[in-house]
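Commentary on secondary and tertiary structure
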Amino acid sequence: MMAVGCIQAQQCHTNECPVGVATQEPTRYRALHVGDKSQARVPLPPQHDGIASELVAAIGLDRPDQLRPHHVLKRIGPNRVAAYEDAYVFLNEGALLDGRSGHAVFDDHWAFASADTFARVS
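The structure reproduced in this document is the subject of the present report. Being a predicted model, the structure only gives us computed values, none of them experimental. (Residues numbered from 1 in each chain as written. Predicted model: local features only at pLDDT ≥ 70, side-chain atom pairs only at ≥ 80, totals over all residues. Heavy atoms only, no water.)

Describing the overall build of the chain
- Along the chain, the regular secondary structure elements total five helices and two strands.
- Of the regular secondary structure in the chain, the N- to C-terminal order runs α-α-α-β-β-α-α.
- Computed over C-alpha atoms, the radius of gyration of the chain comes to 19 Å, more than 25% over the 14 Å expected from 2.2 N^0.38 for 122 residues, which places it beyond the range of a compact globule.
- The principal-axis extents of the C-alpha atoms in the chain amount to approximately 50 × 40 × 30 Å.
- For the chain, the residues scored as buried account for 13% of the 122 residues in total.
- By sequence separation, contacts in the chain at least 24 residues apart represent 14% of the contacts at least 6 residues apart. (Helix = DSSP H or I, 4+ residues; strand = E, 2+ residues; numbered from the N terminus. Rg over C-alpha atoms; globule rule 2.2 N^0.38 Å. Buried < 20%, exposed > 50% of the residue type's maximum accessible area, 1.4 Å probe, protein only. Contact = heavy atoms within 4.5 Å.)

Comments concerning unusual backbone geometry
- The phi torsion at Gln8 lies on the positive side, around 55 degrees, for a residue other than glycine.
- With respect to the helices and strands, the residue Gln8 is situated in the segment before helix 1 (26-29).
- Among the residues examined, Gln8 registers a relative accessible area of 53% and is labelled exposed.
- Even without being glycine, Gln10 reaches a positive phi, approximately 55 degrees.

Focus: the side chain of Ser101
- When you line up the elements, Ser101 lands in the loop between helix 4 (84-87) and helix 5 (104-111).
- A residue is classified by how much of its surface remains accessible, and Ser101, at 16% relative accessible area, is buried.
- A distance of 3.1 Å separates a polar atom in the side chain of Ser101 from the backbone nitrogen of His103.
- When neighbours within four sequence positions are excluded, Ser101 is seen to be in contact with Leu91, Ala95, Leu96, Phe106 and Asp107. (Polar contact = N/O pair within 3.5 Å; in protein donor to acceptor, adjacent residues only side chain to side chain.)

Digging into the pattern of salt bridges
- If you walk through the whole model with that rule in mind, you get one salt bridge.
- Between Arg63 and Asp65 there is a salt bridge; the shortest N-O distance is 3.0 Å. (Salt bridge = Lys/Arg side-chain N within 4 Å of Asp/Glu carboxyl O.)

Considerations on helix 3 (residues 47-59)
- Spanning 13 residues, helix 3 covers 19 Å between terminal C-alpha atoms, matching the ideal 18 Å at 1.5 Å per step.
- Gly60 occupies a position one or two residues after helix 3 and carries a positive phi of about 100 degrees. (Expected span 1.5 Å × (residues − 1).)

Some words on the packing of aromatic side chains
- Scanning the entire structure with this criterion turns up one aromatic pair.
- Here the aromatic rings of Tyr84 and Tyr88 are separated by 5.1 Å at their centres, their planes lie at 55 degrees, and the arrangement is tilted.
- Residue classification places Tyr84 among the partly exposed residues on the basis of a relative accessible area of 30%.
- With a relative accessible area of 36%, Tyr88 lands in the partly exposed category. (Phe/Tyr/Trp six-rings, centres within 6.5 Å; stacked < 30°, edge-to-face > 60°.)

Regarding the pairing of strand 1 (residues 73-77)
- As paired strands, strand 1 and strand 2 (residues 80-83) are joined by four bridges and run antiparallel to one another. Within the sheet, the bridge partner assigned to Gly77 lies in strand 2 and is Arg80.
- Here strand 1 folds back onto strand 2, and the loop between the two strands holds two residues. (Pairing = 2+ DSSP bridges.)

Right, dumping it as structure tokens:
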């Protein structure tokens, strides 16, 4: 979102994103040119590569693409943490395409989803 110009206006759910990133309104997103935005990104300082490499190595991996949900922990309470694989539901690739992911929450929401509008389609 940041790479294409999100300014964190916290209006994503209103369909009135001021920069056109999170909207279906043509008058708002017409000025959004992803190609231009990608060229204007701010590069990360060089030390970030080293930090990422150190974290990956500390976990016992060789490359960041080897990271999996069981490697990352999330604080779920003042004295509790859980691996992402336990804290979140993960779907197999393409699971939503037929509307039968095997998880009721996803299936219920998917039934009302539309690429044409943010409004609930019944």
